[in-house]
Amino acid sequence: YQRRVRGSDKFEKVAYDLTMALKAATGGFMMTSAPSNRLSQLVEYGIRYEEVNEETETHSKKLEMGMNLGPGLDLEYDTEDMNSSPTMVQYETAYVTSHKAPCRVACFTSDGKLCATGSVDASLKIMDVERMISKSQQLQRQENENHPVIRTLYDHLDSVTALTFHPVTTHLVSGAKDCTVKVFDFTKPNVKKAVKCLEEGAAIRSIAFHSTGDYMLMGMDHPIIRLYDYETLKCFVSSNNHAQHTLPVSAICWNTDCTMYASCSMDGSIKLWDGVSSRCIKTFSEAHSGAEVTSIQFSRNGKYVLSSGKDSVVKLWEVTSGNVLNEYVGVTQQSHRTGAMFNHTEDLIIAPDEKGMAVGCWDARTAEPHPQLVTGHNNVIRTVQHSPTMPAFMSCSDDFRARFWYYRGI
């Protein structure tokens, strides 16, 4: 009985005394044990659940709102509400996960609800974004409930170097230094191995899906870009061998309607390709003063391409003219393919700083720098991946950790 009283609410002692009094008054026909405190526990659990549920509903609404992000960056028009996005210093760490070796790559699903990370330890982790957001606000008793990491996958033999979700199916596709591409079905909780495997002749550096999910572009430690039929795994390459890069491909991506794709390379060039014929339609030679170009991304309207290079400069290119419209400087990127990318509204551009273990941030329209975000990582940040739908991003570091950042102020 004493154990029950210590662990119960303050009214159980009163209830027990009343029960004993009634028992004595009725000649012992009342129950011999104190009434259960189950009701008070249910009320307490209900209140806690309501608080967590309200938080979850709020984030769900944000996700839905995030799907209507507007037209994105367009330098031809002035917008009434320019740059309404929070800057990087307004983001907070909502969740941290660790691998057993440096964490190098990350990606989000197109709806922003799941995020995945890949590591030198050859492992993959898939995390639920809403669970990561609410994790820091959950009470101690819920620490082991609704864990953000929903899958941990192992099937590579070397460092994971490329990662993307299939746009239609429940597949996570990864590439690695073991020269393989693995397809994982993350709806099967007890299956940690790939359901499909593609063997290549070089380490995989970048994977990008056509919006239909029918085709998969691949950049490798090789100059020639591959285009695969995802169902049959039949491979296609451009018919003009002379149009290919002269050194390994660093990154590759489609534009929004998949009428065009872009690639960048160690040879210092950026190339634009026809999305149907795979014919090279434009080349930006020595795009970063001859330095390796490490990342490439189209704006949502397809008018611009964002690139970063080992010259420590991030550039915004106009697709039609091939001119550089903006340059974003202030971070050091000389040793690693750390890259740069737009935030979810394309108001801002973010890129890791190798020296300061920080994340740089600029106004996309004016190239004006914002204060850098000090991340708390203890080693070089190898990539940052921003959510496509909401103010959140993942930073992956050689300190073995992946940090999920979120802006709560909306």
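None of the values given here were measured: they were computed from a predicted structure.

The rules behind the values
- Residues numbered from 1 in each chain as written.
- Predicted model: local features only at pLDDT ≥ 70, side-chain atom pairs only at ≥ 80, totals over all residues.
- Heavy atoms only, no water.
- Buried < 20%, exposed > 50% of the residue type's maximum accessible area, 1.4 Å probe, protein only.
- Helix = DSSP H or I, 4+ residues; strand = E, 2+ residues; numbered from the N terminus.
- Pairing = 2+ DSSP bridges.
- Phe/Tyr/Trp six-rings, centres within 6.5 Å; stacked < 30°, edge-to-face > 60°.
- Core = buried A, V, L, I, M, F, W, Y, C linked by side-chain atoms within 4.5 Å.
- Contact = heavy atoms within 4.5 Å.
- Patch = residues over 30% accessible without salt bridge, like charges linked within 9 Å, V, L, I, M, F, W, Y side chains within 5 Å.
- Areas by Shrake-Rupley, 256 points an atom, 1.4 Å probe, with all protein chains shown as cover.
- Salt bridge = Lys/Arg side-chain N within 4 Å of Asp/Glu carboxyl O.
- Axes fitted to C-alpha atoms, helices over the stretch in contact; angles between N-to-C directions.
- pLDDT = per-residue confidence, 0-100.
- 1 Å grid on protein atoms, 1.4 Å probe; cavity = no way out; pocket = protein on both sides within 12 Å on 5 of 7 lines; lining within 4 Å.
- Points joined across faces, edges and corners; volume = space filled by probe spheres on them.
- Nonpolar A, V, L, I, M, F, W, Y, C, P; charged D, E, K, R; others polar.

## Digging into the pairing of strand β19 (residues 304-309)
On any regular strand, side chains alternate: one points to one face of the sheet, the next to the other face. β19 sits mainly inside the fold: six of its six residues count as buried. On β19, burial covers both faces: Y304, L306 and S308 on one face and V305, S307 and G309 on the other are all buried. Bridging between strand β18 (residues 293-298) and β19 involves five bridges; their strand directions are antiparallel. The residue bridging I296 from the neighbouring strand is S307, located in β19. Linking β18 back to β19 in an antiparallel pair, the connection comprises five residues, with G302 at a positive phi of about 75°. Both β19 and strand β20 (residues 313-318) contribute to a ladder of five bridges, which runs antiparallel. When the sheet's bridge partners are listed, S308 is paired in β20 with V314. Hairpin geometry of β19 and β20 is characterised by an intervening segment of three residues between the two adjacent antiparallel strands and by a positive phi of about 65° at S312.

## Examining the packing of aromatic side chains
Using the criterion set out here, one finds nine aromatic pairs in the structure. With 5.7 Å between their ring centres and 90° between their planes, F165 and F186 make a pair best called edge-to-face. Residue F165 is located in strand β6 (residues 160-165), and its partner F186 is located in the loop between β8 (180-185) and β9 (196-199); the two are separated by 21 residues in the primary sequence. With a relative accessible area of 12%, F186 lands in the buried category. Ring centres of Y261 and W273 lie 6.0 Å apart, and the angle between their planes is 10°; this geometry places the pair in the stacked category. Placement of the pair is Y261 in strand β15 (residues 260-265) and W273 in strand β16 (residues 270-274), with a sequence separation of 12 residues.

## Overview of the sheet that holds strand β13 (residues 235-236)
Sheet architecture is open: four strands sit in the order β10-β11-β12-β13, paired in antiparallel fashion. Where the open sheet ends on each side, the last strands, each with one partner, are β10 (204-209) and β13. Looking at chain direction, β10 and strand β11 (residues 215-220) are connected through five bridges and run antiparallel. Bridge pairing in β11 links A208 to L217.

## Some words on unusual backbone geometry
Across residues other than glycine, the phi torsion is negative in most instances, and most of the peptide bonds are trans. One non-glycine residue with positive phi stands out, namely L233, at about 65°. Mapped onto the secondary structure, L233 falls in the loop between β12 (222-229) and β13. For L233, a relative accessible area of 24% gives the class partly exposed. A positive phi is found at S278, a non-glycine position, where the angle reads about 60°. By secondary structure assignment, the location of S278 is in the loop between β16 and β17 (280-284).

## Let's talk about the nonpolar core
One broad rule of soluble globular proteins: the nonpolar side chains tend to lie buried together. The biggest cluster of nonpolar side chains holds 18 residues, and the ones touching the most others in it are V129, M132, M394, F404 and Y406. Listing elements by their share of this core, those giving two or more residues are β1 (92-98), β2 (103-108), α4 (129-135), β27 (392-397) and β28 (401-406). For M132, the residues in contact, after removing those within four places along its chain, are A94, Y95, C115, M127, P148, M394 and F404. If you look at the next biggest cluster of nonpolar residues, it comprises 15 residues, including A251, F284, V305 and W317.

## As for a nonpolar patch on the surface
A surface patch of nonpolar side chains, about 300 Å² in accessible area, is lined by L39, V43 and I47. Relative to the elements of secondary structure, L39 occurs in helix α3 (residues 38-66).

## Considerations on the sheet that holds β17
On the basis of which strands lie adjacent, the open sheet formed by four strands has the order β14-β15-β16-β17 and antiparallel pairing. The sheet is open, and its two borders are formed by β14 (249-254) and β17, each paired with just one other strand. Neighbour-to-neighbour, the strand axes of the sheet open up by a mean angle of 15°, direction not taken into account.

## A short note on the pairing of strand β24 (residues 358-363)
Summarising burial for β24: six of the six residues are buried, a large majority. Covered by surrounding structure in β24 are A358, G360 and W362 together with V359, C361 and D363, the residues of both alternating faces. In this sheet, β24 lies alongside strand β23 (residues 348-353) in antiparallel orientation, the contact comprising six bridges. When the sheet's bridge partners are listed, I349 is paired in β24 with W362. Here β23 hands over to β24 after four residues, with M357 in that stretch at a positive phi of 50°.

## Some details on the confidence of the model for the chain
On average, the chain scores 87 in pLDDT, and the residues at 70 or more come to 83%. Ranking the elements of the chain by mean pLDDT puts helix α1 (residues 2-6) last, at 42, and β15 first, at 98. Here residues 1-8 scores under 50 on pLDDT; set against residues more than four positions off or in separate chains, the count is six contacts. Contacts for the low-pLDDT stretch residues 62-66, under 50 throughout, to residues beyond four places or in other chains number 11 contacts.

## Quick notes on empty space enclosed by the protein
Left-over empty space is what a probe sized like a water molecule reveals as it rolls over the atoms. Here the structure, examined in full by the defined rule, presents one cavity of 30 Å³ or more. Looking at the largest cavity, the residues that line it are V181, V183, K196, C197, L198, M216, Y230 and L233. Breaking the lining of the largest cavity down by element, the ones donating at least two residues are β8 and β9. For the lining of the largest cavity, the leading source of residues is β9, giving three residues. A per-class count over the lining of the largest cavity returns seven nonpolar, no polar and one charged.

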